[in-house]
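Inside the fold
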Amino acid sequence: MGTVKPLRAPTLYELLEVSVGATSGEIRSAYERLERLYAPDQIALYGLVDERRAQTLRQQLKEAVSVLSDDVARAQYDRSIGLPPRDDVAARPLPMPPPADASVGW
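In every chain, residue numbers begin from 1 and rise along the written sequence. Given that this is a predicted model, residues contribute local features only at a pLDDT of at least 70 and side-chain atom pairs are listed and counted only at 80 or more, while totals for whole chains, interfaces and linings are drawn from all residues. Side-chain metrics rest on all non-hydrogen atoms present in the structure, leaving aside hydrogens and water.

1. With respect to the pattern of salt bridges
A side chain with one charge may pair with a side chain of the opposite charge, provided their charged atoms come close. Spelled out, the test is: A side-chain nitrogen of Lys or Arg and a carboxyl oxygen of Asp or Glu constitute a salt bridge if their distance falls within 4 Å. Put simply, DSSP H or I for four residues or longer makes a helix, DSSP E for two residues or longer makes a strand, and each gets a number counted from the N terminus. When accessible area is computed with a 1.4 Å probe and restricted to protein chains, residues below 20% of their type maximum are described as buried, those above 50% as exposed, and intermediate ones as partly exposed.
What the rule picks out here adds up to 3 salt bridges. Here Glu 17 makes a salt bridge to Arg 33, at a shortest N to O gap of 3.1 Å. One end of the pair, Glu 17, is in the loop between α1 (12–16) and α2 (24–37); the other, Arg 33, is in helix α2, and 16 residues separate them in sequence. Residue classification places Arg 33 among the partly exposed residues on the basis of a relative accessible area of 37%. A salt bridge links Glu 51 to Arg 58; the nearest nitrogen and oxygen atoms lie 3.0 Å apart. You can call Arg 58 buried: its relative accessible area is 16%.

2. Section: the environment of Glu 35
Just so we agree on the cut-off: By definition, residues are in contact when any of their heavy atoms lie within 4.5 Å.
The residue Glu 35 is located in helix α2 in this model. When the C-alpha positions of Glu 35 and Leu 57 are compared, they lie 8.7 Å apart, and in sequence the two are 22 residues distant. If we skip the residues at most four places from it in the chain, Glu 35 touches Leu 61 and Lys 62.

3. A closer look at the confidence of the model for the chain
Heads up, the rule is: The predictor's confidence in any single residue is recorded as pLDDT, a number from 0 to 100.
Mean pLDDT for the chain: 82, with 78% of residues reaching 70 or above. The secondary structure element of the chain with the lowest average pLDDT is helix α3 (residues 40–46), at 79, and the one with the highest is α1, at 96.

4. With respect to helix α5 (residues 71–80)
Note the cut-off: The arc refers to the directions leading from the helix axis to the C-beta atoms. A 3.5 Å cut-off defines polar contacts: any pair of N or O atoms within that distance qualifies, except that in protein one atom must be a possible hydrogen donor and the other a possible acceptor, and neighbouring residues in sequence count only when both atoms are side-chain atoms.
When α5 is considered as a whole, its buried residues turn out to be Arg 74, Tyr 77 and Asp 78. The arc that holds the buried residues of α5, viewed along the axis, is 100°, so those residues lie on one side. Looking at α5, the residues exposed on the side facing more than 90 degrees away from the buried face are Val 72, Arg 79 and Ser 80. On its buried side, α5 packs onto α1, α2 and α4 (51–68). Residue Asp 70 occupies the N-cap position of α5, its side-chain oxygen lying 2.9 Å from the main-chain nitrogen of Val 72. Downstream of α5 by one or two residues, Gly 82 has phi in the positive range, about 85°.

5. Some words on the packing of aromatic side chains
Counted only if it meets this: When two rings of Phe, Tyr or Trp (its six-membered ring) have centres within 6.5 Å they constitute a pair, described as stacked for plane angles under 30 degrees, edge-to-face for angles over 60, and tilted for the intermediate range.
Throughout the structure, instances matching the rule amount to 1 aromatic pair. Ring geometry for Tyr 13 and Tyr 77: centres 6.2 Å apart, planes at 50°, overall tilted. Note that Tyr 13 is positioned in helix α1 and Tyr 77 in helix α5, a separation of 64 residues in sequence. Here the two residues Tyr 13 and Tyr 77 agree in accessibility, since each one is buried.

6. Re the nonpolar core
Counted only if it meets this: Side-chain atoms within 4.5 Å link the members of a nonpolar core, which is a set of buried Ala, Val, Leu, Ile, Met, Phe, Trp, Tyr and Cys residues.
In terms of nonpolar packing, the biggest core is built from 19 residues, with Leu 16, Val 18, Ile 27, Tyr 38, Leu 61 and Leu 68 touching the most fellow members. Contributing elements (two or more residues each) for this core: α1, α2 and α4. The biggest single contributor to this core is α4, with 6 residues. When sequence neighbours within four positions are dropped, the list of residues in contact with Val 18 reads Tyr 13, Glu 26, Ile 27 and Ala 30.

This is the structure in structure tokens:
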């Protein structure tokens, strides 16, 4: 018999069903959509998963969105799962505007 590969936990990106390059708006939108799907009233109505599993999923979703919404925490998480550093404009601080020059006279 062959060896059995151990199951791995889904990444936070997989949990939220977004790509690694997702924007903060896409992450928030995915979180809200999945939170509604696993809401207690939806579970009672449709019974997609049992309430205990839904509660666990809601907690995991909250943790995922809190990490992926914070640029510093997201960069640390990305490194922990072996992703290269993000090189997008949203991850970098905006440059400071030049100081106002009183001698220009605009």
